[in-house]
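Summary of the model geometry
Listed here are the chains, written in short residue letters.
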Amino acid sequence: MVQQTDRPAAAAPARRRLAELRRWRPRSTFARHALVIVVALVAVVLVLELTSPFRNSQFATMSYYAIAAAGLTVLTGLNGQISLGHGALMAVGAYTTGLLLGSEGEGALPLALIMLIAAAVTALVGAVVGAAAARLHGPYLAGATLALAVAVPGLAIYFDHTFGGEQGLRISSPEVPGWFDATIYFLFAHETPSAKYLAYLGWGTLLLVLLLLANLMAGRVGRVWRAVRDDEVAAELAGIRLGQVRVLAFVVSAACAGLAGAVLGVVVRLAAPSGFTIVLSLGLLTAVVVGGLGSLVGALLGSALLVFLPPAVTNLGIGAGLDGTQAAQLAPFVYGVVLVLVMLLAPSGAVGVLKKVWARRRRTG
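Residues numbered from 1 in each chain as written. Predicted model: local features only at pLDDT ≥ 70, side-chain atom pairs only at ≥ 80, totals over all residues. Heavy atoms only, no water.

**Some words on the nonpolar core**
- Residues Tyr64, Ile67, Met90 and Leu213 are the most contacted members of the largest nonpolar core, which totals 90 residues.
- Broken down by element, the residue count for this core peaks at 15 residues, all from helix α12 (residues 242-268).
- Not counting chain neighbours up to four residues away, the residues in contact with Ile67 comprise Gly202, Thr205, Leu206, Val209, Cys256, Leu259, Ala260 and Val263. (Core = buried A, V, L, I, M, F, W, Y, C linked by side-chain atoms within 4.5 Å. Buried < 20%, exposed > 50% of the residue type's maximum accessible area, 1.4 Å probe, protein only. Helix = DSSP H or I, 4+ residues; strand = E, 2+ residues; numbered from the N terminus. Contact = heavy atoms within 4.5 Å.)

**Notes on the side chain of Thr96**
- Within the secondary structure, Thr96 is located in helix α4 (residues 86-101).
- Contacts of Thr96, omitting those with residues within four sequence positions, involve Ile117, Ala118 and Val121.

**Some words on the environment of Tyr200**
- Tracing the backbone through its elements, the reader meets Tyr200 in helix α9 (residues 194-218).
- Accessibility expressed as a relative area gives 10% for Tyr200, which makes it buried.
- Sequence separation between Tyr200 and Ser63 is 137 residues, and the spatial gap between their C-alpha atoms is 9.2 Å.
- Beyond its immediate stretch of four places on either side in the chain, Tyr200 contacts Val45, Leu48, Glu49, Phe180 and Ile184.
- Within the structure, Tyr200 has its side chain in polar contact with the side chain of Glu49 (distance 2.6 Å). (Polar contact = N/O pair within 3.5 Å; in protein donor to acceptor, adjacent residues only side chain to side chain.)

**A few points about the side chain of Gln81**
- For Gln81, the location among the structural elements is in the loop between α3 (53-78) and α4.
- Judged by its relative accessible area of 3%, Gln81 is buried.
- A polar contact is formed between the side chain of Gln81 and the backbone oxygen of Arg246, at a distance of 3.1 Å.
- Every residue in contact with Gln81, bar those within four places of it in the chain, is listed here: Leu75, Thr76, Leu141, Arg246, Ala249 and Phe250.

**Some details on unusual backbone geometry**
- In this structure, Ala189 takes a positive phi of about 60° despite not being glycine.
- Among the structural elements, Ala189 can be located in the loop between α8 (178-188) and α9.
- Notably, Arg269 is not glycine yet its phi reads approximately 65°, a positive angle.
- Of note, Arg269 is situated in the loop between α12 and β2 (270-271).

**Thoughts on the confidence of the model for the protein chain**
- Per-residue confidence for the protein chain gives a mean pLDDT of 85; residues scoring 70 or more make up 91%.
- Looking over the protein chain, one finds the lowest element-wise mean pLDDT in helix α1 (residues 2-23), namely 54, and the highest in α9, namely 94.
- Scored below 50 in pLDDT, residues 1-5 makes zero contacts in the model with residues more than four places away or belonging to other chains. (pLDDT = per-residue confidence, 0-100.)

Structure, rendered in structure tokens:
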């Protein structure tokens, strides 16, 4: 009995400190999200400056995975639509970037404008696909988007004079802007290599996407998406037009995928059919499920697992005596095991587990 009466008293100072911190929190939703993004930007700068070039390239890869996964978590986690075609939508963004930027950087448009055009073109494709799939549900929608994932790389091969066929389009790497190089030199007294600048470019784009999506999800549009996901009949009786809501979710998600494809194109310097197979779409969906459906933080965690787990497992396999081929084949197996365990033991994903742990700690003081 003594321990039970002492627990609330011991937890009181922590609760008071938490209440004091909440007083300093901005009242505006946009301001709160912007503050989090600023803190995250500082963390990103420190991490990129303190890690090796190899890690910088991994973080650049994680950035475009996370952009696409964030858009997919809006579509699947918030609106309840299953898509297996986001790899194809990323291909649209990457090929658009390749056509506009060129292999020698002779494009007359700035890179930021090219990336916006790539997102807009992919959003237009998403509107067409979303309108066609607005009446489909569950496995039927998954099958339709699966057909998209198979067809788009085939179109790139068929129109080989425009899209380069199997070899794909070469995309020039953007030069480091003078103002950016000068800023990094002023802060850290060293120049910025191209690989590190691409990581900055990817993560800057990712943070901007997260800020926009977080505010969209917290507003009226996000509430409408959740209403349609939770109960379509009740949402329709409330006056919500299900078809328009589904198409809007698909358009937003497709725009994110196109932007991710644009980042992928400039990071990898290539847009080829082999890079946008069904495996990419399945990997994005797996990242969203493992991280936690409907959570932007979950999209980040799932993308990190998608990027950092395979090399770690491969290194462990080589250390255990396997050759390189066997160790590389071990990585997809371990990733599949992790997915199955998450679906069985933690259906809400990594974010759901963290929320439960945090809630339990708050209850126990």
